[in-house]
Amino acid sequence: MTMRRCAIYARYSSDLQRESSIEDQIRKCREFATIQGLTLVEEYVRFDQAVSGASLTGREALRSLIEAAKHKPRPFDCILVEDGSRLARDVADVLDTIKVLTFYGVDVVYVTQGIDTGRSESAGMMVMFQGMMDEQFLIGLRQKVHRGQEGRVIQGMNPGGRCY
């Protein structure tokens, strides 16, 4: 059996997050690869900075990995993501992305959740459930932000940002 060659994809959502989040995600993926005996293909360690997972728009690093997966010979066999929410926070985007990658023979591995689309028959269902939870997180967060902004307005304060 040949060694599985892996790419890594990392992402953080906004400029309010620490840039070291990328380093932390990549470190966890590297540790996982070492423990699992996977071969990391360094030129395919990619990340998107300050880009929301709510959409695939502006996700150039992810797009580049998908395009690379289409090449023959394929440069890697799987993409490691530290957490499913790093891939996307929209169920349809997650399922579409994995469907395309699977078509080209590339698996996706969620390191934290232990989901491997190429090694588990129940991976599809687990990816869907994880995607639903990740998407619901955004909905809950949006509601909390709006509640907080409304509270500031009621208090006669600015709900956020600069006033012009």
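Up top you'll find the structure we're talking about.
1. A look at the overall build of the chain
So, point 1. The helix and strand tally for the chain stands at 5 helices and 5 strands.
So, point 2. For the chain, the succession of helices and strands along the chain, N to C, is β-α-β-α-β-α-α-β-β-α.
So, point 3. Residues counted as buried form 40% of the 164 residues belonging to the chain.

2. Quick look at the side chain of R59
So, point 1. When you line up the elements, R59 lands in the loop between β2 (39–48) and α2 (60–69).
So, point 2. On the accessibility criterion, R59 (1% relative accessible area) is buried.
So, point 3. Apart from residues no more than four positions distant in its own chain, R59 is found in contact with Y9, R11, D48, V51, S52, G53, R86, L87 and A88.

3. Describing the environment of V100
So, point 1. Looking at the secondary structure, you find V100 in helix α4 (residues 91–103).
So, point 2. The exposure class assigned to V100 is partly exposed, which follows from its relative accessible area of 33%.
So, point 3. Spatially, the C-alpha atoms of V100 and I66 are 7.9 Å apart, while their sequence positions differ by 34 residues.
So, point 4. Beyond its immediate chain neighbours, meaning those up to four positions away, V100 contacts I66 and K70.

4. Concerning the pattern of salt bridges
So, point 1. A full pass over the atoms with the stated rule returns 10 salt bridges.
So, point 2. The salt bridge partner of D116 is R4, with a shortest N-O separation of 2.7 Å. Taken together, the residues span a long stretch of sequence, with D116 in strand β5 (residues 115–116) and R4 in the segment before β1 (5–11) at a distance of 112 residues. As far as the burial class goes, D116 and R4 line up, both buried.
So, point 3. The partner of R74 in a salt bridge is D77, with the nearest N and O atoms 3.4 Å apart.
So, point 4. One network of salt bridges, in which partners are shared, links D24, R27, K28 and E31.

Rules used throughout
- Residues numbered from 1 in each chain as written.
- Predicted model: local features only at pLDDT ≥ 70, side-chain atom pairs only at ≥ 80, totals over all residues.
- Heavy atoms only, no water.
- Helix = DSSP H or I, 4+ residues; strand = E, 2+ residues; numbered from the N terminus.
- Buried < 20%, exposed > 50% of the residue type's maximum accessible area, 1.4 Å probe, protein only.
- Contact = heavy atoms within 4.5 Å.
- Salt bridge = Lys/Arg side-chain N within 4 Å of Asp/Glu carboxyl O.

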